[in-house]
Amino acid sequence: MPDASTSPLSGKLALVTGASRGIGAATAEALAAAGVHVVLTGRTEAGLIEVENRIHAAGGKATIAPLDLRDYDAIDRLAGALATRWGKLDILVLNAATLGSLTPVPHIDLKEFDLVVSLNLTANMRLIRAFDPLLRASDAGRLISLTSSVAMTPRPFWGPYAATKAALDTLVLTYAEEVANTTPVRVAILDPGKTRTKMRARAFPGEDEATLKAPQVVADALVEMLRVPTFSEGRIKLQEPTI
């Protein structure tokens, strides 16, 4: 791992959801490489331990916090634990999401719809609600929410995922307006574009993975957003690589 002592992010604290694999894991490792102490959350404890071990092996700092984000009381308890140990949170990355089934709107399974809403929307609202005081306690709190192009451009059969992503985008941008002029907290939405993840493979079976960017590309771009003195707010879309 490069010397992170001179990084503008050195010594900061971040919480990354969905950190056991894909973009979340890559983001956690990239943040740690920049000197950030990363709190890793996700349902798969074994996956979180693997990411934590890689971070520690590279000389970084990480703490795992396994939890199901649909356990909203657990989110509040985690916020309390971070408040007791660190007293602030510098970076909150809202990455965790579930795709649900791709199906026509009249055929949506009601129980699955509730699950998608609970994880993609309600859990993120609870995260913002729980960690807002800690972000405000930072001298430069940052929130980055991962989104998708379907939140802006409806696509057949993507109803539950698209609707919850669109709703989350609106919620996050509303929060951004609320904190913009009265706190040091700044907010951005990042659309990673076509990325080599398990969710992408499930949505587009048979797609040539060689044409997709690696999660590390997204992670590096996210960390660069946090490094620069002037944080880019609003909605940001990564450019697709030239293959």
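Structure: see above.
These notes cover the structure that comes with them.

Analysis parameters
- Residues numbered from 1 in each chain as written.
- Predicted model: local features only at pLDDT ≥ 70, side-chain atom pairs only at ≥ 80, totals over all residues.
- Heavy atoms only, no water.
- Helix = DSSP H or I, 4+ residues; strand = E, 2+ residues; numbered from the N terminus.
- Rg over C-alpha atoms; globule rule 2.2 N^0.38 Å.
- Buried < 20%, exposed > 50% of the residue type's maximum accessible area, 1.4 Å probe, protein only.
- Contact = heavy atoms within 4.5 Å.
- Areas by Shrake-Rupley, 256 points an atom, 1.4 Å probe, with all protein chains shown as cover.
- Lys, Arg positive; Asp, Glu negative; His and termini not counted.
- Charge placed at Lys NZ, Arg CZ, Asp CG, Glu CD.
- Expected span 1.5 Å × (residues − 1).
- Pairing = 2+ DSSP bridges.
- Axes fitted to C-alpha atoms, helices over the stretch in contact; angles between N-to-C directions.

We now examine the overall build of the chain. When helices and strands are counted, the chain shows seven helices and seven strands. Reading the chain from its N end, one meets helices and strands in the order β-α-β-α-β-α-β-α-β-α-β-α-α-β. Expected size for 243 residues packed as a compact globule is a radius of gyration near 18 Å; at 17 Å, the chain falls within 12% of this value. Its C-alpha atoms give the chain principal-axis dimensions of about 50 × 40 × 35 Å. In the chain, which comprises 243 residues, the proportion classed as buried is 49%. Here the contacts in the chain between residues at least 6 apart in sequence split such that 72% fall between residues at least 24 apart. Of the accessible surface of the chain, which amounts to about 11,400 Å², a share of 55% is contributed by carbon and sulfur atoms. Here the chain contributes 26 positive and 26 negative side-chain charges, whose respective centroids are spaced 0 Å apart.

Before going further, it helps to spend a moment on helix α1 (residues 22-33). The end-to-end C-alpha distance of α1, which contains 12 residues, comes to 17 Å, matching closely the 16 Å that a straight helix rising 1.5 Å per residue would cover. Buried residues dominate α1, accounting for nine of its 12 residues. Ile 23, Gly 24, Ala 25, Ala 26, Thr 27, Ala 28, Ala 30, Leu 31 and Ala 32 are the residues of α1 that are buried. Next to the buried residues of α1 lie β1 (13-16), β2 (37-42), α2 (45-57), β3 (61-66), β4 (91-94) and α7 (215-227). Gly 35 sits one or two positions beyond α1 and adopts a positive phi of about 95 degrees.

Moving on to the sheet that holds β4. Within the open sheet, the seven strands sit side by side as β3-β2-β1-β4-β5-β6-β7. Their pairing is parallel. On the outer flanks of this sheet lie β3 and β7 (234-237), each paired with one strand and no other. With direction set aside, neighbouring strand axes in the sheet form an average angle of 20 degrees. Pairing of strand β5 (residues 142-146) with strand β6 (residues 186-191) involves five bridges; the strand directions are parallel. Looking across to β6, one finds that Arg 142 is bridged to Arg 186. Most of the contacts of helix α4 (residues 110-137) go to β4, to which it runs at about 175 degrees, and overall it touches β1, β4 and β5. Along the sheet face, α7 touches β4, β5, β6 and β7 and points at about 155 degrees away from the line of β5.

Just distances and angles here, no functional claims.
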